[in-house]
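Listed below, chain by chain, are the residues.
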Amino acid sequence: IVLLLGAIALGLLVREIAARAAPPRVGNAIPDFTLESTEGERFSLAAQKGKPVVVVFVASWCEVCREEMPLMGETCRAHRVHNVVFLGVDVYEDRATARKFRDEFQIPFPLLVDADGAVTTRFRVNGTPTTFFIDRAGILRDVVVNGNEVEIIGKVDEYEGSLEIVAQRARILR
């Protein structure tokens, strides 16, 4: 009986560890992470539950990221009134490099630093920019790699649910 209980406990422990290390999958709860921002503030993804969240993995050396940042900033500002949370994750760069990138583009949302790439690896980010769309319940709804601006805006609007913002965005992009 002791061996059987030990085997069951070990099996449950292995399943729990595997669940924590599993990459995010569309339709499932998003795994939590905690990173520090360029300002030294700690941010937890789990703390954002109850709000739609957009997490974009970027790097200062990524040309597509550099092109996308002004739009991401604009989209973030437009959706603030709807409590959409934007978080940037700067991959494989130190805090000073990430801060310089944030300042250069006046990024209006927290830019978190994943210098060792642990979160980037866990989320299986294979290219930047990669954008994760998470609903209010903490469920991953979509992932866009190297998305164009119309696609990104459309996804934010879809998961936030504001038709007024969609109309505004369509006018701006013309």
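Because the structure is a prediction, the values reported are computed rather than measured.

## So, the layout of surface pockets
Volume-wise, the largest pocket comes out at about 300 Å³. What lines the largest pocket is a set of 21 residues, and nearest its centre among them are Ala29, Ile30, Pro31, Asp32 and Gly138. Residues belonging to the lining of the largest pocket are distributed by class as follows: 13 nonpolar, three polar and five charged.

## Remarks on helix H2 (residues 63-79)
Under the 1.5 Å per step criterion, the end-to-end length of H2 is 25 Å for 17 residues, consistent within 8% with the ideal 24 Å. Within H2, the full set of buried residues consists of Cys65, Glu68, Met69, Leu71, Met72, Gly73, Thr75, Cys76, Ala78 and His79.

## Focus: the packing of aromatic side chains
Going through the model one piece at a time under the given rule, you end up with six aromatic pairs. An angle of 80 degrees between the planes, with centres 5.6 Å apart, marks the rings of Phe33 and Phe123 as edge-to-face. Taken together, the positions of Phe33 in the loop between helix H1 (2-21) and strand S1 (34-37) and Phe123 in the loop between helix H4 (118-122) and strand S6 (130-134) put the pair 90 residues apart, joining distant regions of the chain. For the pair shown, Phe33 and Phe123 are each scored as buried. Between Phe123 and Phe132, the ring centres sit 5.4 Å apart and the planes meet at 75 degrees, which makes this aromatic pair edge-to-face. The buried category is assigned to Phe123, whose relative accessible area is 5%. Members of the aromatic cluster, each reached through a chain of ring pairs, are Phe33, Phe57, Phe123 and Phe132.

## Overview of the environment of Ile30
Inspection of the secondary structure assignment puts Ile30 in the loop between H1 and S1. When the C-alpha positions of Ile30 and Ala137 are compared, they lie 9.5 Å apart, and in sequence the two are 107 residues distant. Setting aside its immediate chain neighbours within four residues, Ile30 contacts Pro24, Leu45, Phe123, Phe132, Ile134, Gly138 and Leu140.

## Brief notes about the side chain of Gln48
Relative to the helices and strands, Gln48 resides in the loop between strand S2 (42-44) and strand S3 (53-58). Setting aside chain neighbours within four positions, we find Gln48 in contact with Phe43, Val53, Val85 and Leu87.

## Here's the deal with the confidence of the model for the protein
With 72% of its residues at a pLDDT of 70 or more, the protein shows a mean pLDDT of 82. Segment residues 14-19: pLDDT under 50, and one contact once partners within four positions in sequence are set aside and those in other chains are kept. This stretch, residues 162-174, has a pLDDT under 50; its non-local contacts, to residues over four places away or in other chains, come to 16 contacts.

## Considerations on the pattern of salt bridges
The tally for this structure, following the rule as stated, stands at seven salt bridges. Of the charged contacts, one joins Glu39 and Arg99 as a salt bridge, the two residues approaching to 4.0 Å between their closest N and O atoms. Here Glu39, found in the loop between S1 and S2, pairs with Arg99, found in helix H3 (residues 95-105); they are 60 residues apart in sequence, far enough to count as distant. Salt bridges linked by common partners bring Glu39, Arg99, Arg102 and Asp103 together as one network.

## Describing the nonpolar core
Within the largest apolar cluster, 38 residues are counted, with the highest numbers of intra-cluster contacts made by Phe33, Leu45, Val55, Phe57 and Phe123. Of all the secondary-structure elements, those providing two or more residues to this core are S3, H2, strand S4 (85-91), H3, strand S5 (111-114), S6 and strand S7 (140-145). Setting aside residues up to four positions removed in sequence, Phe33 forms contacts with Phe43, Ser44, Leu45, Val55, Val89, Leu112, Val119 and Phe123.

Thresholds, definitions, all that
- Residues numbered from 1 in each chain as written.
- Predicted model: local features only at pLDDT ≥ 70, side-chain atom pairs only at ≥ 80, totals over all residues.
- Heavy atoms only, no water.
- 1 Å grid on protein atoms, 1.4 Å probe; cavity = no way out; pocket = protein on both sides within 12 Å on 5 of 7 lines; lining within 4 Å.
- Points joined across faces, edges and corners; volume = space filled by probe spheres on them.
- Nonpolar A, V, L, I, M, F, W, Y, C, P; charged D, E, K, R; others polar.
- Helix = DSSP H or I, 4+ residues; strand = E, 2+ residues; numbered from the N terminus.
- Expected span 1.5 Å × (residues − 1).
- Buried < 20%, exposed > 50% of the residue type's maximum accessible area, 1.4 Å probe, protein only.
- Phe/Tyr/Trp six-rings, centres within 6.5 Å; stacked < 30°, edge-to-face > 60°.
- Contact = heavy atoms within 4.5 Å.
- pLDDT = per-residue confidence, 0-100.
- Salt bridge = Lys/Arg side-chain N within 4 Å of Asp/Glu carboxyl O.
- Core = buried A, V, L, I, M, F, W, Y, C linked by side-chain atoms within 4.5 Å.

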